[in-house]
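The residues making up each chain are set out below.
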Amino acid sequence: AKSEGKGTYHFFEAALDEEARRRRQLELDLRSAVREGGFELHFQPLYSMAEQRLKGFEALIRWNHPERGLVSPAEFIPLAEETGLIVQIGEWVIRDACARAAAWPGHLSVAVNISPRQFTSPVLAQTIVQALAASGLPANRLELEITESIFIGNVERTLAMLHSLRGLGVRIALDDFGTGYSSLSYLRSFPFDKLKIDQSFVRDLGRDASAGAIIRAITTLAAALGIETLAEGVELESTMEALQREGCDLIQGYLVSRPVPDGAVPALITRLAGE
Ligand code: C2E
Ligand code: CA
Ligand code: CA
Ligand code: CA
């Protein structure tokens, strides 16, 4: 039994080694992707149910890995956060998103995800100002998606940062709304432009009565505060109908379209233009 235990120990040790090696390799690959421009943005429609037309797109990053093909952000954003590479990656995202959006019709906006570490970076505001200037995109066509986790830590500083970003004329959306611990208190402290209701509530709509009640409560509250609501992860027609009944303004999800590469954006704009 003793030798068996030792064997198990070696087995785990080897597995940990293997995991550490894999991570180191991933980090090296990520660094060269940052140097050599190995990323691309895909775009997913943000669609107004009331107006029955396209309002803009969310930019979602993909890593074009030399051997592994397109790698999902779920796999590398956490590592990019830990290593600080997210700041450079995020700068590229803002610049590229603004440049792409500047070529779209003037009523369409672009939303970019800002990770917590990027949010605290002192160069964020400057990056945005430069990206807007270089692309010619009006500030009100850029939306920043932040999550509640930026409020962990120094709330005063977070609020000051939010106000200074808003001062640039960009819009601010609260992403993954409802998944944090005290979402509601943040609505009192900052006038967000949009709440993005997390997929987990949207998915359970129709299956679970409490999901409907929660979405109704969010949209009622948001309407009273003058904040737009968007439901994420809408895959079914029936979900869209329920969301419309619950007073939600916008939807995003596979029902309208999956995220698409830049080249497929013009065709989507035509399909979703409305009349
Ligand atoms: P997120 O911001 O909540 O983005 C929505 C995610 O839901 C995207 O996954 C999108 O492809 C997926 N999605 C959209 N519609 C549906 C649907 O109908 N059903 C389902 N099951 N999923 C749907 P993606 O593109 O893999 O991105 C994952 C996360 O990675 C994002 O979650 C965001 O937190 C992060 N991310 C993506 N791009 C960036 C970026 O440029 N910068 C930063 N910091 N984070 C990013
Ligand atoms: Ca997002
Ligand atoms: Ca989200
Ligand atoms: Ca999410």
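Here we summarise the structure given alongside this text. Every value quoted in this text rests on a predicted model; they were computed, and no experiment measured them. (Residues numbered from 1 in each chain as written. Chains lettered and ligands numbered in written order. Predicted model: local features only at pLDDT ≥ 70, side-chain atom pairs only at ≥ 80, totals over all residues. Heavy atoms only, no water.)

Let's shift gears to the coordination of the calcium ion (ligand 3). Those donors, Asp175 (OD), Asp176 (OD), Glu232 (OE) and Glu232 (OE), are the protein atoms that reach the calcium ion (ligand 3), and they lie 2.2 to 2.5 Å from it. We note that the donor set of the calcium ion (ligand 3) lies within a single chain, spaced as D-D-x55-E. Between the calcium ion (ligand 3) and the calcium ion (ligand 2) the interatomic distance amounts to 3.9 Å, and Asp175 serves as a bridging ligand to the pair. Since its relative accessible area comes to 27%, Asp176 is described here as partly exposed. (Donors = N, O, S within 2.8 Å, 3.2 Å for Na, K, Ca; no water. Buried < 20%, exposed > 50% of the residue type's maximum accessible area, 1.4 Å probe, protein only.)

This part takes up unusual backbone geometry. Its identity as a non-glycine residue notwithstanding, Gln52 has a phi of 50°, on the positive side. Within the element layout of this structure, Gln52 appears in the loop between strand S1 (39-48) and strand S2 (53-65). Owing to a relative accessible area of 46%, Gln52 belongs among the partly exposed residues under this scheme. (Helix = DSSP H or I, 4+ residues; strand = E, 2+ residues; numbered from the N terminus.)

To continue, consider the coordination of the calcium ion (ligand 2). With distances of 2.1 to 2.4 Å, the protein atoms coordinating the calcium ion (ligand 2) are Glu58 (OE), Asn113 (OD1), Glu145 (OE) and Asp175 (OD). On the primary sequence, the residues serving as donors to the calcium ion (ligand 2) are separated as E-x54-N-x31-E-x29-D. The class of Asn113 is partly exposed, set by a relative accessible area of 31%. Assessed through its relative accessible area of 6%, Asp175 is described here as buried.

Turning our attention to the site of ligand 1. As a structural note, the neighbourhood of ligand 1 is formed by 21 residues, with Gln44, Arg62, Gln199, Glu235 and Tyr254 the closest of them. The separation between an oxygen atom of ligand 1 and a polar side-chain atom of Glu232 is 3.5 Å. For ligand 1, whose free accessible area comes to 800 Å², the fraction covered by protein is 80%. Those elements giving two or more residues to the shell around ligand 1 turn out to be S2, helix H2 (73-83), helix H3 (86-101) and strand S6 (171-177). When residues in the shell around ligand 1 are grouped by element, the largest group, four residues, is from S2. Here the residues of the shell around ligand 1 sort into nine nonpolar, six polar and six charged. (Near = heavy atom within 4 Å. Polar contact = N/O pair within 3.5 Å; in protein donor to acceptor, adjacent residues only side chain to side chain. Areas by Shrake-Rupley, 256 points an atom, 1.4 Å probe, with all protein chains shown as cover. Nonpolar A, V, L, I, M, F, W, Y, C, P; charged D, E, K, R; others polar.)

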